[in-house]
Amino acid sequence: MSASLKTKHVFINCPFDAAYKPIFDAIIFAIYDLGFVARCALEEDDTSEYRLSKIERIIEECPLAINDLSAVSPDATTGLPRFNMPLEFGIFLGCKRFGGKRQSKKRCLVLDSLPGRYRQFISDIAGQDIRSHNGDPEEAIRQVRNWLQTTSNRTALPGGTEIIARNRRCRAELPALCESLKLRPDELTFYDRSNIIAAWLKSSR
Amino acid sequence: MAKTIHVYHSESAWTVNRDGKISVFSNKRSAVEAAKRTAKGESSGQLVVHGKGGRIDEYITYGLPRVQTPPKKGRFANRSRAAELRRALFARVVERASERVT
């Protein structure tokens, strides 16, 4: 293990499909509004880097992680569950357990769609910080905010309601902003969205 | 709710804009000083001093976490695109202020 731990970086381990996007976007917004940096496997660095190597590097660099297991359910076509999220969650736990003194301070939040659902498919994680968002992006913001406050021990963090109100305003202004930048909101990459959110927050709190 | 106070140059004067409430000053220094005094009276918020051309000269937060800058990658890693983004956001700031005034 050699990558440096970036104190304010939060790894988001979640599905990247259209159905989950509102929750993913809400989590990115909350992370920036709370003064942290969002990281995920969608980062486009060196294309020659293997996907799993890239994920391992990001996990190694992030002291914090949000693992959303809500999409672990049988696929309508294949009948099989998607296991990328539990795999990456396992890598995070392994890094924390076997990565040495600095990595042992890692903290993570586990999100699921319903309370207690995880017991039916990954019961060994009982005892971790597991919360549910019920498929609601605004509930995901509240859960992320409360967890980051507890984990970071910071007192001056905005409340969930305040972050939700700003997220609504940002979403309402995004189409006009994208138009003036000659971009389409649905074509924004992870980095584009992160940059727009951070810049918007600096100008609009 | 936290408020952002903006200081920017407009029509040959320096404007302090707090949520659509506007004060005008003849020079940047007095505008920034007045904005800082107002900001210190708030429990939380931030102060953004825009330079001419839309760049951010100063960014101070009060009782709020400081917004981190994402890794300089992707479309906005390019300086001119980053400047475009700042100008677009600055245009929104002025637009919001005028919406509140009218």
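Residues numbered from 1 in each chain as written. Chains lettered and ligands numbered in written order. Predicted model: local features only at pLDDT ≥ 70, side-chain atom pairs only at ≥ 80, totals over all residues.

## Details of the overall build of chain B
And step 1. Counting secondary structure elements, chain B contains 2 helices and 5 strands.
And step 2. When the helices and strands of chain B are placed in sequence order, the string is β-β-β-α-β-β-α.
And step 3. Over its C-alpha atoms chain B spans a radius of gyration of 14 Å, differing by no more than 12% from the 13 Å that the globule rule assigns to 102 residues.
And step 4. Expressed along its principal axes, the backbone C-alpha trace of chain B runs to roughly 35 × 30 × 25 Å.
And step 5. Classification of the 102 residues of chain B by burial places 27% in the buried group. (Helix = DSSP H or I, 4+ residues; strand = E, 2+ residues; numbered from the N terminus. Rg over C-alpha atoms; globule rule 2.2 N^0.38 Å. Buried ≥ 20, exposed ≤ 12 C-beta atoms within 10 Å, placed from the backbone.)

## Describing the environment of Glu-162 of chain A
And step 1. By the element assignment, Glu-162 of chain A lies in helix 5 (residues 160–180).
And step 2. A C-alpha to C-alpha distance of 10.0 Å links Glu-162 of chain A and Arg-142 of chain A, two positions 20 residues apart in sequence.

## Concerning the sheet that holds strand 1 (residues 9–13) of chain A
All names here are of chain A.
And step 1. Spatially, the 5 strands line up as an open sheet ordered 2-1-3-4-5, and their pairing is parallel. The open sheet terminates on both sides in strands that have one partner only, identified here as strand 2 (37–39) and strand 5 (129–132). Each adjacent strand pair in this sheet contributes to an overall mean axis angle of 25 degrees, direction not counted. (Pairing = 2+ DSSP bridges. Axes fitted to C-alpha atoms, helices over the stretch in contact; angles between N-to-C directions.)

## A few points about the nonpolar core
And step 1. By size, the foremost hydrophobic cluster in this structure holds 57 residues, and its most contacted members are Val-10, Ile-27, Ala-30, Ile-31, Tyr-32 and Val-144 of chain A.
And step 2. In terms of residue count, the dominant contributor to this core is helix 1 (residues 21–33) of chain A (9 residues).
And step 3. Sequence-distant contacts of Ala-30 of chain A, defined by excluding residues within four places in its chain, comprise Ile-141, Val-144, Arg-145 and Ile-163 of chain A.
And step 4. In terms of nonpolar packing, the next biggest core, distinct from the first, is built from 12 residues, Trp-14, Val-32, Ala-35 and Val-49 of chain B among them. (Core = buried A, V, L, I, M, F, W, Y, C linked by C-beta atoms within 7 Å. Contact = placed C-beta atoms within 7 Å.)

## Some thoughts on the packing of helix 2 (residues 51–61) of chain A against helix 3 (residues 84–98) of chain A
All names here are of chain A.
And step 1. Relative to each other, helix 2 and helix 3 sit at 45 degrees, their axes nearing to 10 Å. Comparing the axis directions of helix 2 and helix 3 gives the class oblique. You can see that helix 2 and helix 3 cross each other, and the crossing is right-handed. Facing helix 2, whose interface residues are Ile-55, Glu-56, Ile-59 and Glu-60, helix 3 presents Glu-88, Ile-91, Phe-92 and Cys-95.
And step 2. Taken together, the residues of the contact of helix 2 with helix 3 break down into 5 nonpolar, no polar and 3 charged. (Parallel < 35°, antiparallel > 145°, perpendicular 65-115°, else oblique. Left-handed = near helix turned anticlockwise from the far one by under 90°. Nonpolar A, V, L, I, M, F, W, Y, C, P; charged D, E, K, R; others polar.)

## What to know about the pairing of strand 1 (residues 3–10) of chain B
Residue and element names in this part refer to chain B.
And step 1. Two strands pair when backbone bridges link them, and strand 1 and strand 4 (residues 45–50) are joined in this way by 5 bridges, in the parallel orientation. Each residue of the ladder has a partner; that of Lys-3, found in strand 4, is Gly-45.
And step 2. The hairpin turn running from strand 1 into strand 2 (residues 13–18), its antiparallel successor, is 2 residues long, and Glu-11 in that turn takes a positive phi close to 50 degrees.

## Some details on the confidence of the model for chain B
All names here are of chain B.
And step 1. Overall, the predicted model of chain B reaches an average pLDDT of 88, with 97% of residues at or above 70.
And step 2. Taken element by element, chain B is modelled with least confidence in helix 2 (residues 79–101), mean pLDDT 84, and with most confidence in helix 1 (residues 28–40), mean pLDDT 94.
And step 3. As scored by the predictor, the complex reaches a pTM of 0.91 and an ipTM of 0.87. (pLDDT = per-residue confidence, 0-100.)

## Things to note about the interface of chain B and chain A
And step 1. Listed as interface residues are 28 residues of chain B and, on the opposing side, 31 residues of chain A.
And step 2. Every element with two or more residues in the side of chain B that touches chain A is listed here: strand 4, strand 5 (56–62) and helix 2 of chain B.
And step 3. Residue contributions to the side of chain B that touches chain A peak at 8 residues, all from helix 2 of chain B.
And step 4. Residues belonging to the side of chain B that touches chain A are distributed by class as follows: 15 nonpolar, 7 polar and 6 charged.

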